[in-house]
Amino acid sequence: MENLNLALSLLLVGMITVFAILYLVVLIGNVVIRLTNRFITPETIAVKKEIASGKAKPTNPAKIAAVIAAVDAVTGGKGKIEKIDKIEK
């Protein structure tokens, strides 16, 4: 009977441990997704909406990313790009 009690207690501890680890994985995954959606994608979504609505001509996404990265570096993340216009020569 003692072996059965030990086996059941080990089973219970193991199941609780697995549940706790899976809960942490889901929680951390949700936090990463929310942070990514909050800080990374708004510029990309705004550019895609302008292109889709016809307000802006499609430009090279690498150039837009470079401009956004430069503004973030110079302003310490406090700057915001509202519009990018092409200068005609």
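Reading guide: rules and limits
Per chain, the residues get numbers from 1 upward, laid out in the order the sequence is written. Local features in a predicted model are, by the rule used here, given only for residues with pLDDT of at least 70; side-chain atom pairs are given and counted only at 80 or more, and totals for whole chains, interfaces and linings are based on all residues. Hydrogen atoms and water are omitted, and side-chain values are computed over all heavy atoms in the structure. A helix here means a DSSP run of H or I that spans at least four residues, while a strand means a run of E at least two residues long, and both kinds are numbered starting from the N terminus. Each residue gets one of three labels from its accessible area relative to the maximum for its type: buried under 20%, exposed over 50%, partly exposed in between, using a 1.4 Å probe on protein chains only. A contact between two residues is defined here by any heavy atoms of the two lying within 4.5 Å. The quantity known as pLDDT measures the predictor's confidence residue by residue, on a range of 0 to 100. Expected helix span is given by 1.5 Å per residue-to-residue step, counting one fewer step than there are residues. Only residues whose relative accessible area exceeds 30% and that form no salt bridge enter a patch; like-charged residues are grouped when within 9 Å of one another, and nonpolar side chains (Val, Leu, Ile, Met, Phe, Trp, Tyr) when within 5 Å. Using the Shrake-Rupley algorithm and a 1.4 Å probe, accessible areas are obtained, with residue cover drawn only from the displayed protein chains. The rule for a salt bridge is simple: a side-chain nitrogen of Lys or Arg has to be within 4 Å of a carboxyl oxygen of Asp or Glu.

Along its length, the protein carries 3 helices and 0 strands. Start at the N end of the protein and walk to the C end: the helices and strands fall as α-α-α. Within the protein, buried positions represent 2% of all 89 residues.

To continue, consider the environment of Ile 84. Considering the arrangement of structural elements, one finds Ile 84 in the segment after α3 (61-75). When the C-alpha atoms of Ile 84 and Val 67 are compared, they prove to be 9.2 Å apart, with 17 residues separating the residues in sequence. Here Ile 84 is in contact with Ile 64 and Val 67, once residues within four sequence places are set aside.

When pLDDT drops low, the exact placement of atoms in the prediction is not to be read closely. In this model, the protein carries an average pLDDT of 82, and 75% of its residues clear a pLDDT of 70 or more. At the low end of the mean pLDDT range in the protein sits helix α2 (residues 42-53), at 64; at the high end sits helix α1 (residues 2-39), at 94.

Given 3.6 residues to a turn, an α-helix orients residues that are three or four positions apart in the same direction. The terminal C-alpha atoms of α3, which comprises 15 residues, lie 21 Å apart, in line with the 21 Å expected from a rise of 1.5 Å per residue. Positive backbone phi, approximately 70°, marks Gly 76, located one or two places after α3.

On the surface, Phe 19, Tyr 23, Leu 24, Leu 27, Ile 28, Val 31, Val 32, Leu 35, Phe 39 and Ile 40 cluster together to form a nonpolar patch covering roughly 1,000 Å² of accessible area. Accessibility expressed as a relative area gives 60% for Phe 19, which makes it exposed.

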